[in-house]
Amino acid sequence: DFVNIYSTDTLGIKAYTMYDEQSISADSTRMFAGSIRDAYFGTTTCDFVTQLRLVVPWPHKVYAIDSVKLQFELSDVSGDTAAVHHIRLYETGTLLTDTMDFYSGQDPDTIKFLGEYNMPVLKKDSVYSIKIPDWVGEYLLRDTTKFLPAAEFYTTFFKGLYFGIRSETNPVLITFTASESPLAITIFYHDPANVKYNYSFVATNRAVNYNRFLHDFTTADPDKKIQHINDFVADTAVYLQAFKGVYPRFDIQSLSKYRSINNIAVNKARLYVPVHLDAQYFPETKVPARIYLRYRNDKGREVSVPDLVHDVSFLDGTYYKAKDYYIFNITSFVQQYLDGDIKNPSVEMYYPLASGSNVIFNVNANDPTARFEFVYTIY
């Protein structure tokens, strides 16, 4: 008797395809190198910078180097593994710290070329050892006084290692998982008594690293490439790309008229977004199981919607096969917007860094199209 409950699904939504070349690349649990090409999205190139750390103290021995090897373990591989690919290594000159922001388009501060080496035929969950010149080992051991304390090595002596891939024809994409300590440069040497030893510089799971992602949308097929990016044209499709590429923005500006209502409580706020399926390029089997939402705070920084912070299952964001759409529960986000705690009623889709799927959504004047369901109580 003391409340009025209202419901509407006619609030207008405008959706746009956006791209931020300098998006924060904060997830350092995985590292990527190589390229992928998509008929709609063009070419994405991935590389990374990581620290090499000292796992054990340097034994202070007189030595002669026998060989030097780049060793790594891959958690995933995709693309043309049989084509010819080359690993490119550089030393970088910028100190990497946990408190620094790294960006998806940030160029590595390369200061010394450590060589280009043929890549073997690759397989997932395999360990590789590639011989590199002895001079790389001599360079790393040129001043072992910098090895004590161990932090001196990666803070002042050898601050970072850049890892990239050059493909001669078809691209390949490889994935490292940082928790498995997947990358090392190992020096094999002997002492004057011809006793054999080895010493490794390792990208441990404590090492700071960041990924760089470069996107070239012009290499997409001419009849399929994305027509509107960052121009706020309400096209009939919006695009979500892996590796910090393009992403959809949904503006629910019609919510603004509810801000003037006192004592309003949001009971339900759901965003329904239908997926464009294509048997050749975007089959249903490749649709990602879950997509996340964020918004921009007053400083323009990306912030996860409060519904996701509360609980990932509360946000939902899963694909409903029977309906060919995703559902997002943004009740907390809308309530905070109506209360004035969030400035703009706009949300953006995004992936965790590990996802490699691209998706197209039907929006605006399309049929079916995205819709917003809003139920509220005035008390």
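This is a predicted model, so every value here is computed, not measured.

Even after reading the chapter, I still don't get the pairing of strand β11 (residues 160-167), so can you show me in this structure?
Looking down a regular strand, the side chains alternate between one sheet face and the other. Most of β11 is tucked away, with 6 of its 8 residues classed as buried. Where strand β4 (residues 42-50) and β11 come together, 3 bridges link them in antiparallel fashion. Its bridge partner being in β11, Val49 is matched across the sheet by Tyr162. Sheet topology places strand β8 (residues 85-92) next to β11; 8 bridges connect them, and they run antiparallel. Residue His85 lies in a different strand from β11, and its bridge partner there is Ser167.

Help me understand the packing of aromatic side chains in this model?
Both the distance between ring centres and the angle between the ring planes are used here to describe each pair of aromatic rings. For the structure shown, the criterion picks out 42 aromatic pairs. Relative to Phe213, the ring of Phe32 lies with its centre 6.2 Å away and its plane at 55°, an arrangement referred to as tilted. Of this pair, Phe32 sits in strand β3 (residues 30-38) while Phe213 sits in strand β15 (residues 209-216), placing them 181 residues apart in sequence. Their ring planes at 85° and their centres at 5.5 Å tell us that Phe147 and Phe153 sit as a pair that is edge-to-face.

Before we go on, may I ask you to explain the sheet that holds strand β5 (residues 53-54) in this structure?
Within a beta sheet, neighbouring strands are joined by backbone hydrogen bonds and run either parallel or antiparallel to one another. Across the sheet, which stays open at both edges, the 5 strands sit in the order β5-β14-β13-β6-β10 with antiparallel pairing between neighbours. Every interior strand has two partners, whereas the edge strands, β5 and β10 (127-132), have only one. Examined bridge by bridge, strand β13 (residues 183-190) and strand β14 (residues 196-202) share 7 bridges and lie antiparallel to one another. The partner of Thr186 across the bridge, within β14, is Ser200.

What exactly am I supposed to notice about empty space enclosed by the protein here?
Over the atoms, a rolling probe the size of a water molecule traces out where space has been left empty. Throughout the structure, instances matching the rule amount to 3 cavities of 30 Å³ or more. When its volume is computed, the largest cavity comes out at roughly 180 Å³. Surrounding the largest cavity, 19 residues form its lining, Gln241, Lys244, Gly245, Arg294 and Tyr350 being those nearest its centre. Listing elements by their share of the lining of the largest cavity, those giving two or more residues are β19 (292-296) and β23 (346-350).

Help me understand helix α5 (residues 331-338), please; the structure alone is not making it clear to me.
Residues separated by three or four positions in an α-helix point in the same direction, a consequence of the helix having 3.6 residues per turn. The buried count for α5 comes to 6 of 8 residues, which makes it a mostly enclosed element. Along α5, the residues that are buried comprise Thr331, Phe333, Val334, Gln335, Tyr337 and Leu338. Once α5 finishes, Gly340 follows within two positions and takes phi at roughly 90°, a positive value.

Whenever I open this one, the sheet that holds β23 confuses me. Can you help?
As summarised here, the arrangement of the 5 strands in space is β2-β17-β23-β19-β20, forming an open sheet in which the pairing is antiparallel. Each edge of the sheet is formed by a strand with only one pairing partner; in this case those strands are β2 (14-18) and β20 (302-304). Sheet twist, expressed as the average angle between the axes of neighbouring strands with direction ignored, equals 35°. Where β19 meets β20, 3 bridges bridge the pair, whose relative direction is antiparallel. From the neighbouring strand, Arg296 faces β20, where its bridge partner is Glu302.

Can you walk me through the pairing of β23 in this structure?
The buried count for β23 comes to 5 of 5 residues, which makes it a mostly enclosed element. Every second residue of β23 is oriented toward a common face, with Ser346, Glu348 and Tyr350 on one face and Val347 and Met349 on the other, all of them buried. Pairing of β19 with β23 involves 3 bridges; the strand directions are antiparallel. Looking at β23, one finds that Arg294 is bridged to Glu348.

Can you help me understand the side chain of Ser126 in this one?
Locating Ser126 in the fold gives a position in the loop between β9 (110-118) and β10. By relative accessible area, Ser126 is classed as buried at 16%. Among all residues touching Ser126, those that are not within four sequence positions of it are Phe72, Glu73 and Leu74.

Calculation notes
- Residues numbered from 1 in each chain as written.
- Predicted model: local features only at pLDDT ≥ 70, side-chain atom pairs only at ≥ 80, totals over all residues.
- Heavy atoms only, no water.
- Buried < 20%, exposed > 50% of the residue type's maximum accessible area, 1.4 Å probe, protein only.
- Helix = DSSP H or I, 4+ residues; strand = E, 2+ residues; numbered from the N terminus.
- Pairing = 2+ DSSP bridges.
- Phe/Tyr/Trp six-rings, centres within 6.5 Å; stacked < 30°, edge-to-face > 60°.
- 1 Å grid on protein atoms, 1.4 Å probe; cavity = no way out; pocket = protein on both sides within 12 Å on 5 of 7 lines; lining within 4 Å.
- Points joined across faces, edges and corners; volume = space filled by probe spheres on them.
- Axes fitted to C-alpha atoms, helices over the stretch in contact; angles between N-to-C directions.
- Contact = heavy atoms within 4.5 Å.

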